[in-house]
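What the coordinates show
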Amino acid sequence: MNRVVLIVLDSLGIGYLPDAYKYGDEGSDTLGNIAKYHSNFRIDNLVELGIGNIDGISKYVKKSSNPKGAYGRAEEASYGKDTTTGHWEIAGLKLTEPFPTFPNAFPDELIKKIEDAIDVKTIGNEVASGTEIINRLGDLHVKTGKPIIYTSADSVLQIAAHEDVIKLEKLYEICGIVRDIMKGPYGVGRIIARPFVGKSGEYKRTPNRKDFSLKPIGKTMLDYIKECNMDVIAVGKIENIFASQGITHSAHTESNLDGINKTIQFINENNKGLIFTNLVDFDMLYGHRNDVEGYGDAIMEFDRMLPNIISTLKDEDILIITADHGCDPSTPSTDHSREYVPILIYGRNIKNNVNIGTRNCFCDLGATILDILNIKGNIEGLSFKSLIIKE
């Protein structure tokens, strides 16, 4: 076995963690509540792999009498519930301190430092929804040329600008400068460029978003795979989450469907190592906007495409499907939720109907992937390879 395809269904949590009360997330269950409230929810192919057989899964998700894959769930060991923390933990880094958040927006001295560095005044500096703030402040931005700064409950600083007012490359340059400033107590997980287009009252964000993450605090499974002269192919925002560290090739995506198709293209190629895909639409377009129907439709779209992914796999390939946190669209909150994530494993060398139980760290995924690829690496986590591989 020399290749693993790892797909992260961004924010598809499957039930709140025991410590969710510390985050205000008791009752969150992204997949379960979508299955409960969506008007016509069917995910037959995921059910066939065993998603409904995972311990603690919602009664609204169907079970299979004989799942084709191995299945289980993992709880987050790091502090936090953001994208960077979740992906880093999957790759073997467990954070003992959470990234800083700014529930009352950013301090004036930081904003002044940013404005001095980018040589332009800013507007906003609020905790806000991205779609709401561009419609409220978009006209002022277009009139003055001042970029819009905002944050959320996550550890992020987001900068929105109209693509005709601040060109993409300039916006990316501004975000890079801000990334260099945001260190230490201001070291948020991500600076996010949020370009938009359109006219007054009809502003719309574009797919040209770009994340500027902190560099990983240590070596991840990506580094160890790359050091063994194997491929680490990043699809979607994976390259940004890991600040390009440990990656040999990347492809950015415009939608979940684009990400799925690019993943299939890479599976068809003659590469060895890891294909690491993030499908962000679940989180960005539906979870944060409390859109149960849209989120459910997106899961069903992935489910319809799953047979295409599986049929493309080579005999020695292993497919792993998981998530990085929750973002329950059925709750009043529009923020991420502290939830278990699913683990589904499929391949011709994988045992059918094996329950790997509850893993106490996402990093067991990284440890297992290195074990499958016969690579030794000093990362957190315990491999479950021996539970799932056919003898």
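Please refer to the structure placed before this passage.
Overview of the structure. (Residues numbered from 1 in each chain as written. Predicted model: local features only at pLDDT ≥ 70, side-chain atom pairs only at ≥ 80, totals over all residues. Heavy atoms only, no water.)

A closer look at helix 3 (residues 83-90)
Think of an α-helix as 3.6 residues a turn; residues three or four steps apart then line up on the same face. Rule in force here: Exposed residues in this analysis have more than 50% of their type's maximum accessible area, buried residues have under 20%, and partly exposed residues fall in between, with area computed by a 1.4 Å probe over protein chains only. Strands here mean DSSP runs of E at least two residues long; helices mean DSSP runs of H or I at least four residues long; both are numbered from the N terminus. Under the rule applied, a polar contact is a pair of N or O atoms within 3.5 Å (in protein, one hydrogen donor and one hydrogen acceptor; residues adjacent in sequence only if both atoms are side-chain atoms).
Helix 3 sits mainly inside the fold: eight of its eight residues count as buried. Residue Asp82 occupies the N-cap position of helix 3, its side-chain oxygen lying 3.1 Å from the main-chain nitrogen of Thr84. Gly92 sits one or two positions beyond helix 3 and adopts a positive phi of about 110°.

Details of the state of the cysteines
So the rule is basically this: Throughout, a disulfide means two cysteine sulfur atoms within 2.5 Å of one another.
On inspection of all chains with the given rule, the structure shows one disulfide. A sulfur-sulfur distance of 2.1 Å marks the disulfide that ties Cys361 to Cys363. With the S-S dihedral at roughly 120°, the linkage between Cys361 and Cys363 falls on the right-handed side. Since its relative accessible area comes to 4%, Cys361 is described here as buried. A residue is classified by how much of its surface remains accessible, and Cys363, at 1% relative accessible area, is buried.

A closer look at the pairing of strand 4 (residues 148-151)
Going by this rule: For a crossover, the right-handed case is the one in which the path from the first strand over the helix to the second runs clockwise, viewed with the strands pointing away from the viewer. The criterion for strand pairing is that DSSP finds at least two bridges linking the strands in question.
Taking every second residue as pointing to the same face, both faces of strand 4 are buried, with Ile148 and Tyr150 on one and Ile149 and Thr151 on the other. Handedness of the crossover joining strand 3 (residues 123-127) and strand 4 through helix 5 (residues 130-144) is recorded here as right-handed. Sheet topology places strand 4 next to strand 5 (residues 156-162); three bridges connect them, and they run antiparallel. Note on strand 5: the bridge partner recorded for Tyr150 is Gln158. In textbook terms, the turn of a hairpin is the stretch between consecutive antiparallel strands, and for strand 4 and strand 5 this stretch comprises four residues.

A short note on the side chain of Thr206
Selection criterion: Residues are treated as being in contact if the distance between any of their heavy atoms lies within 4.5 Å.
By the element assignment, Thr206 lies in the loop between strand 7 (204-205) and strand 8 (210-213). For Thr206, a relative accessible area of 15% corresponds to the buried category. Of note is the side chain of Thr206, whose polar atom sits 2.8 Å from the side chain of Glu163. In contact with Thr206, not counting residues within four places along its chain, are Glu163, Pro195, Phe196 and Val197.

Comments concerning the packing of aromatic side chains
Under the convention used in this document: Pairing of aromatic rings covers Phe, Tyr and the six-membered ring of Trp, with a centre-to-centre limit of 6.5 Å; geometry is then stacked below 30 degrees between planes, edge-to-face above 60, and tilted otherwise.
Scanning all chains against the criterion turns up seven aromatic pairs. Pairing Trp88 with Phe99 gives two aromatic rings, centres 5.6 Å apart and planes at 75°, and the pair type is edge-to-face. In this pair, Trp88 is assigned in helix 3 and Phe99 in the loop between helix 3 and helix 4 (108-118), connecting sequence segments eleven residues apart. Since its relative accessible area comes to 0%, Trp88 is described here as buried.

A word on the environment of Gly32
Relative to the elements of secondary structure, Gly32 occurs in helix 1 (residues 30-37). Since its relative accessible area comes to 3%, Gly32 is described here as buried. Spatially, the C-alpha atoms of Gly32 and Gly52 are 10.0 Å apart, while their sequence positions differ by 20 residues.

Regarding the environment of Leu9
The topology assignment puts Leu9 in strand 1 (residues 3-9). Considering only alpha carbons, one finds Leu9 and Asn229, 220 residues apart in sequence, at a separation of 27 Å. Contacts of Leu9, omitting those with residues within four sequence positions, involve Leu279, Phe282, Phe302, Ile321, Thr322, Ala323 and Asp324.

Details of the sheet that holds strand 12 (residues 317-322)
Counted only if it meets this: The angle between two axes is taken between their N-to-C directions and runs from 0 to 180 degrees, where each axis is a line fitted to C-alpha atoms and a helix contributes only its stretch in contact.
With mixed pairing, the eight strands of this open sheet are ordered in space as 10-9-11-1-12-13-2-14. Each edge of the open sheet carries a strand with a single partner, namely strand 10 (249-251) and strand 14 (354-359). Neighbour-to-neighbour, the strand axes of this sheet turn through a mean angle of 15°, independent of strand direction. Packing of helix 11 (residues 292-312) onto the sheet brings it into contact with strand 1, strand 11 (273-279), strand 12 and strand 13 (341-346), and relative to strand 12 it is tilted by some 165°. Contacting strand 1, strand 11, strand 12, strand 13 and strand 14, helix 12 (residues 363-372) runs over the sheet at an angle of about 175° to strand 12.

Some details on the packing of helix 1 against helix 11
To be explicit about the condition: Small angles under 35 degrees read as roughly parallel and large ones over 145 as roughly antiparallel, with 65 to 115 read as roughly perpendicular and the rest as oblique. Each residue gets one label: Ala, Val, Leu, Ile, Met, Phe, Trp, Tyr, Cys and Pro are nonpolar, Asp, Glu, Lys and Arg are charged, and the others, such as Gly, are polar.
It is at 10 Å that the axes of helix 1 and helix 11 come closest, and there the two elements cross at 105°. With respect to their mutual orientation, helix 1 and helix 11 come out roughly perpendicular. Where helix 1 approaches helix 11, its residues Thr30, Leu31, Ile34 and Tyr37 are matched on the opposing element by Val292, Glu293, Tyr295, Gly296 and Ile299. The class makeup of the residues in the contact of helix 1 with helix 11 is six nonpolar, two polar and one charged.

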